[in-house]
Amino acid sequence: MSKVEKLIFSRRQFLKAAGLTGLTAMVSGCSDAGRKLIPFVTAPEDIIPGEATWYATTCRECPAGCGMLAKNRDGRVIKVEGNPLHPINTGKLCARGQASVQGIYNPDRLRAPATKLADGTFRPVTWKEAEKTIVDALTPVVLRGDRQKVVFLSDLTSGSEMQVVRRFLASMGSSNHIMYEPLAYEALRQANRDVFGVRAIPAYQIDAADFLISFGANFLETWVSNVRFSRQFARFREPAKDGKNPFIYVGPRLSMTAANADHWIATPPGGESLVALGLLHLILEKDHGTALARDDKARVRAATAAFTPDLVAERTGVKKEELHMLARSFMKAARPLALAEGLGLEDPAALDTGRAANLLSSLMPGSSETMDFSRPSLLSGSAPATDMKTLTDAMLAGKIKALFILRANPAFHLPQTWHFSEALKTVPLVVYLGSYPDETGRLAHVRLPIHTFLESWGDYTPEPGIDSFLQPVMGPIFDTRNPGDILLSLGQAIKGRVSFPEKDFYEVVRHAFEASRTPGAARGNQEEYWLNALKQGGSWNSREKRTRHSLTGHPVNSMSFAPPSSGLPAGEGLSLISYPTIQFFDGRMANRPILQELPDPMTAVTWGGWVEINPETARRLSIKKGDVLLIRSESGTIEVPAYPYPGIEPGTLAIPYGLGHSAFGRYAPDGMENSVGILGKELGPAGSIVRALVTVTVTKKGTSLPLAHTDGSADQHDRHIARSISLEDYLRTRADPPDVVLPLSRGFVQERDFYSAHTHDAYRWCMAVDLDRCIGCGACVAACYTENNVAVVGRKAVLKGRTMAWLHIERYFEPKEPFIRFIPMLCQHCDEAPCESVCPVFAPNHSKEGINNQVYNRCIGTRYCSQNCPYKVRRFNWLTWTHDAPLEWQFNPDVTRRTKGVMEKCSFCIQRIVEAKIKATGEKRLVRDGEFAPACAQTCPADALVFGNLKDPESRVARLVGEARAYQVLGELNTKPGVIYLKKITRNPA
């Protein structure tokens, strides 16, 4: 195509280019890009202005690798959802995935290459200049024979990107590629090696178990693959005719995962291993466990002989009766599964806990169905912390001449006592490839801005047999490049096109895909298979193979455990643990405004860090909420505001891991310091960083920092908002009628109702919320923010109670187990809505389909509706909320943006309802059940939210509303809510 031809575009061609890959791609030649991108649904002739196109890609916000669909409207991505075809997440996403769109539009993104000046500041340069700087620095290193002194440090990667990285290193004679993940599960992998003979993280199948015990593994939050495990856990807990599978959690902190257990066994940090070994001792004492050979059983019995119930009770405070109860429950199971944290964040004895958990899972033959080592997680290949310590020491010794860093932030994650930041300064050439400024990038000599995963071609294999694709669902909005293209260009500059013949990284991805197909396949078949794979988001076998693994003899021969007298603090000492949060993972998501505003599931804190302290310990030390504490260890001191939290063991402090950024953009500062500031140099027995500190001291600084939290009352005050029913009562009464007044005309009776019944035509939209499935993760909240243009108001406004979230996950503490109740609270779309009758301008309007509409341009802001709403789910815009450019590009054009003085609240995603009705009308039919879902129901990993037409008796929502567990919040007020809840089923741990 000539230059003139490239400049002459019809309006139709321009819109096609913008819709597919954005203006930047158009300028560089859009016809090729248009050929490559394949929509998830049947491809239209071209992109139609005003209509959405969905593209399949892969989420790269954490190593789990969930399948994702991205919604492109007029050239920009406005929403992402889970890919229903992908085996990892089957259409669901967590809150982090939902907030990934803000990664593209983050105002602090690196926008152009830059080189560091003598004063430490960065000067923007062209790509050509940046490349020349790197090549000039690398050439003498290669010529001098210092090739092995070139190191490439990246986050977890696979497929074509890993291939290009290693080819780039090999071209210089180096093989030093380190894949660094802060959450590398070294102790878990070592425990699996010791017990099963495989140093890997298997594909766990929680839903295949009939008894589950977790020793600090928060699998519903961040552990390995939380969306997949949330889906499996919902199936595991599904009530059956004969009852419900038990789940026990052991650990020092009541996490969100622990809150979903039948029973939380609270231990001091390190007590998890003692409980696990004590449980193993009791079970083997009764000669239980048919999967173990007699000799192996004898060896394990000897190794655990010292861990008697008396000793466990003395060291952990766990009663002997409780341990015996746990052993009896475990021995009733045919397929028990024990999980261990394996990180060392909360458990200083993580390796012993992992070994004991694996031994427990080895007792029964059926347990082999719950883990599959033939499909190990890609995390199994991440570098242990020992490799990072070796690299740091090599840099300090002057042995590293060039270091490339891709998407990793070790300066933030590694202990300050390792002096990684100082070590970087000794390396002559440090090249940082990333999308955002961070603690590591600011220390580099050259910063190369890269595409986010939503702008990139690529592939990713989270486990064998699942080859997921990435495609640019929109064009780059800044002067960024794909990391693969950067390395190919550098390789060509150093070694020439003979070594790097590919035109671009897309060609590498395509060739890798074709090489994986049958050799000699026809070109036409290759093309068809490529297009189909790209359309569905990858290539995988829908049938999962499961391989049984039994305990081998040789690891047991050398199995030993720490002496019972070691590990736990005594007296008045305080222990410190940390934990990754469901919002920020290991800290890499702390620059997303939606996630900062998303309340923590357990503390409800937003926009800030905190340290949890038991109220009893806080009273003893005269500590109040918001007091800034100085936490000291032998290695350093950090400042953190206090949050008294009853879900933490007395004498234990807990800090969210990954907070305390000092160079991660305007949204990351959070009022606390990075917890790595008090970590020591030592490594754990599995080669992991020791993050759980046995002894720290605490003093008050004398200042206070108000914590912005949204929980209001932590108690239900006998209002029976979040209800539960015991398993025994559920089995006895499940044929009874529900405690529900249907929001239909037949729900109105003259003796009780002042107003006449509403008439609903073909539809009465309704939502059922199963509290037995809701895990409190907040994915629905994040999805509502992104779908409905809900304003992010910031810390100061949250402190004033001005949060704008249409949907809240309310958390209530209970005096007995389960100690926590979660309930999603949104507009109830009442048939006798109190808000409708008091508005002087009729802004709240009841539609013929049962939706309580809010007419924004009619609202005058009296707030009478909010005062009259017993559910307190209506939001008032105190200001016209603004967003830092270009964050406004994420807004959904189908949803009106609200301004100062207007009330707003949940609309059941009416824009989706209208879209589904338009399609159905064009096909001369009614909307089918399950044809669409509001954003909250669509993303829920546990499938707790079900939306549908109550007038259709065959709809799923109509069936759920008819269950005996169904009830309406504050139903005694006779508002006839259209949101109907199903009680949580509680199970006696005995």
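The following paragraphs examine the structure supplied in this document. (Residues numbered from 1 in each chain as written. Predicted model: local features only at pLDDT ≥ 70, side-chain atom pairs only at ≥ 80, totals over all residues. Heavy atoms only, no water.)

1. Notes on the pairing of strand E15 (residues 429-434)
- Burial analysis of E15 places six of its six residues in the buried class, the great majority of the element.
- Of the two faces of E15, the one lined by Leu429, Val431 and Leu433 and the one lined by Val430, Tyr432 and Gly434 are each fully buried.
- Where strand E14 (residues 402-406) meets E15, five bridges bridge the pair, whose relative direction is parallel. Bridge pairing in E15 links Ala402 to Leu429.
- In terms of strand pairing, E15 meets strand E16 (residues 446-449) through four bridges, oriented parallel. Along E16, the bridge assignment pairs Leu433 with Leu448. (Buried < 20%, exposed > 50% of the residue type's maximum accessible area, 1.4 Å probe, protein only. Helix = DSSP H or I, 4+ residues; strand = E, 2+ residues; numbered from the N terminus. Pairing = 2+ DSSP bridges.)

2. So, the sheet that holds strand E23 (residues 627-632)
- The six strands are arranged E20-E25-E22-E24-E23-E26 in a closed barrel whose pairing can be described as mixed. Pairs of neighbouring strands in the sheet enclose a mean axial angle of 45°, with direction left out of account.
- Where strand E22 (residues 611-613) and strand E25 (residues 652-657) come together, two bridges link them in antiparallel fashion. By the bridge assignment for E25, Glu612 is matched with Ala654. (Axes fitted to C-alpha atoms, helices over the stretch in contact; angles between N-to-C directions.)

3. Here's the deal with the packing of helix H7 (residues 159-171) against helix H19 (residues 483-495)
- Interaxial distance between H7 and H19 falls to 10 Å at its minimum, and their mutual angle equals 20°. The angle between the axes of H7 and H19 places the two elements in the roughly parallel class. Judged by the twist between their axes, the crossing of H7 over H19 is left-handed. Mapping the contact onto sequence places Glu161, Val164, Val165, Phe168 and Ser171 in H7 and Pro483, Gly484, Leu487, Leu488, Leu490, Gly491, Ile494 and Lys495 in H19.
- Its residues assigned to classes, the contact of H7 with H19 shows eight nonpolar, three polar and two charged. (Parallel < 35°, antiparallel > 145°, perpendicular 65-115°, else oblique. Left-handed = near helix turned anticlockwise from the far one by under 90°. Contact = heavy atoms within 4.5 Å. Nonpolar A, V, L, I, M, F, W, Y, C, P; charged D, E, K, R; others polar.)

4. Looking at empty space enclosed by the protein
- Taken as a whole, the largest cavity spans an internal volume of roughly 670 Å³.
- Around the largest cavity, the lining comprises 40 residues; the ones closest to its centre are Arg60, Asp155, Arg407, Ser435 and Ile450.
- Looking at the lining of the largest cavity, the elements with two or more residues in it are helix H5 (101-104), E15 and strand E17 (458-463).
- It is E17 that contributes the most residues to the lining of the largest cavity, three residues altogether.
- Split by residue class, the lining of the largest cavity holds 15 nonpolar, 14 polar and eleven charged. (1 Å grid on protein atoms, 1.4 Å probe; cavity = no way out; pocket = protein on both sides within 12 Å on 5 of 7 lines; lining within 4 Å. Points joined across faces, edges and corners; volume = space filled by probe spheres on them.)

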